[in-house]
Amino acid sequence: MNEQIIILDFGSQYTQVIARRIRECQVFSTILRFDTPAAEIARLAPRGLILSGGPNSVYAADAPVPDIGIFNLGIPILGICYGVQIFAHFLGGKVEKGTKREYGKGTLTLRDAKCPLFRKLPKTLQVWNSHGDKLSRLPTGFKAVAITDNSEYAAIEHPAKQLYGIQFHPEVAHTPRGKEIIANFVHGICRSGSGWTMRHYRDQAIEEIRAQVGKERVLLGLSGGVDSSVAAALLHEAVGEQLTCIFVNNGLLRAREAEVVREVFGRHFKIRLQYEDASDLFMRRLRGVTDPERKRKIIGRTFIEVFQAATRRAGKARFLAQGTLYPDVIESVPIAGNPAAMIKSHHNVGGLPKKMKFSLVEPLRYLFKDEVRALGLELGLPAEIVNRQPFPGPGLAVRVLGEVSRKKCDILRKADAIVVEEMKSTGWYYKIWQSFAVLLPIRSVGVMGDERTYDFTIALRAVESQDGMTADWVKLPYDLLERLSSRIINEVKGVNRCVFDITSKPPGTIEWE
Ligand code: XMP
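Reference entry: report on the structure contained in this document. (Residues numbered from 1 in each chain as written. Predicted model: local features only at pLDDT ≥ 70, side-chain atom pairs only at ≥ 80, totals over all residues. Heavy atoms only, no water.)

What the rule picks out here adds up to 15 aromatic pairs. On the numbers, 6.1 Å between centres and 20 degrees between planes, the contact of Phe 265 with Phe 269 is stacked. Judged by centre distance (5.9 Å) and plane angle (80 degrees), the ring pair of Trp 473 and Phe 500 falls under edge-to-face. Placement of Trp 473 in strand E19 (residues 472–473) and of Phe 500 in strand E20 (residues 495–500) is noted, with a sequence separation of 27 residues between them. Residue Trp 473 is classed as partly exposed on the basis of its relative accessible area of 22%. (Phe/Tyr/Trp six-rings, centres within 6.5 Å; stacked < 30°, edge-to-face > 60°. Helix = DSSP H or I, 4+ residues; strand = E, 2+ residues; numbered from the N terminus. Buried < 20%, exposed > 50% of the residue type's maximum accessible area, 1.4 Å probe, protein only.)

Structure representation (structure tokens):
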């Protein structure tokens, strides 16, 4: 990645959004910790630096500070919010402890239309503010470029040194022209060209994989989810026959999941696919278990066992490939109040023990989720796989409440297939984070035809979310809910009632177990 912009992270919840915006300008961006040494940054030779916002005050005892050497690297720097306050603090300016927080929409008025950060932008702009402290004296050599009602120094610049600072957040959607401000910095000021596309990434990743792997063999645990599927397609293109994908059927998959994987990867891509049907073993171990955490642990442990045995059968291989994504790799800044810091503590059923002696290949480790989807399309994967909603590692086991059995999984699979089909045909599937059915362990009385029924209940769940950490329930149209309910009750034997879950996260979780 020779042409890049580096973002130093001071703990803002928006740091990843800044990285995304830069990549939308077709320029590669990397997030590093706020205290990364200047020498390390110099070694990476970025075109420019962005200092992110953060929840702290520059006066806090543990305020995060950058290596002052960054100001002597001779590259343009843009400070955003806390980012500008911290550099002003060091370069002779003054930051005033705010008495009230400036939060929400504001109007920015340009005073200096020549500032390259605001090139081709109107004299007044809507911007989004979220800060407590504010600049009250310019740092040495700087001039004010724009003001808001609350601040004389909403945007400042030191043209000779190419240092820029803004108090508002250009990266969020509430600053509608913010993308252009970022593009002005990236292209106009840092002079980065715009060649970083998924085709470019793919070509480069293939070269890197070949250089890393040489003539050795690579194994990959293919789940059929977006990440492992894209990793498989990419690795196959890079090393062909040297790749073996292991697909474990745990009996807890959705309808047609195993068939689609075999069809797409085995028959279409002609990838060496080792199919492991371990559904009997999983079902046996889950018999009689009702506690959600125990269910998860059993599934996690069994998966590792099955996968390990499968790798032994696959023959000698030096590498194990994983579909790790960039958000899992970024070393989050452990600052109180930074929600990004929590995002890591996530369920990872596929987490393999360290004692498995493989070297790792992680070809997606620089990508965000939607970039992985774009790469998948670039590699020719079908939209059905690339646009899949997330599906939990323990599969249907966390959606069959209480004891899991093959029979209950079959009921849920049928109901779930109807949900997927209806959500896809109405377009809702692609608009939201997740939509699925849950089988409740209670039965209730109903009447079908002339007969009394005493059957199970299906709960429908549809949620909107950015990252799975918080979620809102989706207000699906009544006619769609009605169709889902009537199809499930009519077509799925054993179900006579449908309910709709209207709980957001928090306080609920997305999955029911
Ligand atoms: P919860 O239920 O914790 O789910 O609100 C948040 C998101 O994570 C998914 N999920 C999992 N994903 N392994 C996974 O790979 C798991 O064990 C697991 N549990 C939940 C869930 O589907 C939602 O998108």
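On to the pattern of salt bridges. One pass over the structure, following the stated rule, counts 32 salt bridges. For the salt bridge of Glu 237 with Arg 202, the shortest nitrogen-to-oxygen distance reads 2.5 Å. Here Glu 237, found in helix H6 (residues 226–239), pairs with Arg 202, found in helix H5 (residues 198–213); they are 35 residues apart in sequence, far enough to count as distant. With relative accessibility at 15%, the residue Arg 202 sits in the buried group. A salt bridge links Asp 416 to Arg 254, with the nearest nitrogen and oxygen atoms 2.9 Å apart. With a gap of 162 residues between them, Asp 416 in helix H13 (residues 406–425) and Arg 254 in the loop between strand E13 (243–249) and helix H7 (257–268) connect regions that are remote in the sequence. Look at Asp 416 and you get buried, because its relative accessible area is 2%. Connected through shared salt-bridge partners, Arg 20, Arg 21, Arg 23, Glu 24, Asp 370 and Glu 371 make up one network. (Salt bridge = Lys/Arg side-chain N within 4 Å of Asp/Glu carboxyl O.)

Two elements in contact, H6 and helix H11 (residues 369–378), have axes separated by 10 Å at closest approach and are oriented at 45 degrees. As the angle between them shows, H6 and H11 are arranged oblique. As H6 packs across H11, the resulting crossing turns out to be left-handed. Judged by residue contacts, Val 226, Asp 227, Val 230 and Leu 234 of H6 engage Lys 369, Val 372, Arg 373, Leu 375 and Gly 376 from H11. Of the residues assigned to the contact of H6 with H11, the class counts are five nonpolar, one polar and three charged. (Axes fitted to C-alpha atoms, helices over the stretch in contact; angles between N-to-C directions. Parallel < 35°, antiparallel > 145°, perpendicular 65-115°, else oblique. Left-handed = near helix turned anticlockwise from the far one by under 90°. Contact = heavy atoms within 4.5 Å. Nonpolar A, V, L, I, M, F, W, Y, C, P; charged D, E, K, R; others polar.)

Taken together, the nine strands give an open sheet; going across it, the order is E2-E1-E3-E4-E11-E10-E9-E6-E7, and neighbouring strands pair in mixed fashion. Taken across any chain shown, the strands that pair with only one partner, and hence form the sheet edges, are strand E2 (28–33) and strand E7 (124–131). Strand after strand, the sheet turns through a mean of 30 degrees between neighbouring axes, direction not considered. Taken together, the four bridges between strand E9 (residues 143–148) and strand E10 (residues 151–158) define a ladder with antiparallel strand orientation. (Pairing = 2+ DSSP bridges.)

Turning to its location among the elements, Asp 455 is positioned in strand E18 (residues 451–464). Buried and without a salt bridge, Asp 455 has Arg 443 as its closest oppositely charged side chain, separated by 5.0 Å. Excluding anything up to four places from it in sequence, Asp 455 contacts Ile 442, Arg 443, Ser 444, Gly 494, Val 495 and Asn 496. (Lys, Arg positive; Asp, Glu negative; His and termini not counted.)

Summed over all chains, the structure comprises one cavity of 30 Å³ or more. Quantified by volume, the largest cavity comes out at close to 40 Å³. Looking at the largest cavity, the residues that line it are Val 419, Met 423, Ser 435, Phe 436, Leu 460, Arg 461, Ala 462, Leu 476, Leu 484 and Phe 500. Where the lining of the largest cavity is concerned, the elements lending two or more residues are H13, strand E17 (434–448) and E18. Broken down by element, the lining of the largest cavity gets its largest block of residues, three residues, from E18. (1 Å grid on protein atoms, 1.4 Å probe; cavity = no way out; pocket = protein on both sides within 12 Å on 5 of 7 lines; lining within 4 Å. Points joined across faces, edges and corners; volume = space filled by probe spheres on them.)

Backbone torsion omega between Lys 505 and Pro 506 reads -15 degrees, so that peptide bond is classified as cis. With an omega of 10 degrees, the peptide bond running from Pro 506 to Pro 507 counts as cis. Mapped onto the elements, Pro 507 comes out in the segment after E20. The residue Ala 45 is not glycine, and still its phi comes out positive at about 45 degrees.

Across a sheet, strands are paired by hydrogen bonds formed along the backbone, either parallel or antiparallel in direction. One open sheet accounts for five strands, arranged E14-E13-E12-E15-E16; its pairing is parallel. The sheet terminates laterally at strand E14 (272–277) and strand E16 (359–361), the two strands that pair on one side only. Each neighbouring strand pair of the sheet contributes to a mean axis angle of 30 degrees, computed without reference to strand direction. Of the pairings in the sheet, the one linking strand E15 (residues 319–321) to E16 comprises three bridges and is parallel in character. When the bridges of E16 are listed, Ala 321 appears paired with Val 361.

Applying the stated criterion across every chain, the model contains zero disulfides. Left without a disulfide partner, Cys 498 is nearest to the cysteine sulfur of Cys 409, which lies 18 Å away. The buried category is assigned to Cys 498, whose relative accessible area is 19%. (Disulfide = S-S within 2.5 Å.)

Burial analysis of E7 places six of its eight residues in the buried class, the great majority of the element. Judged from the eight bridges that link them, strand E6 (residues 102–110) and E7 form a sheet pairing that is antiparallel. Pairing of Gly 104 across the sheet is with Asn 129, part of E7.

Honestly, that's just the spatial picture; any functional story needs more than this.
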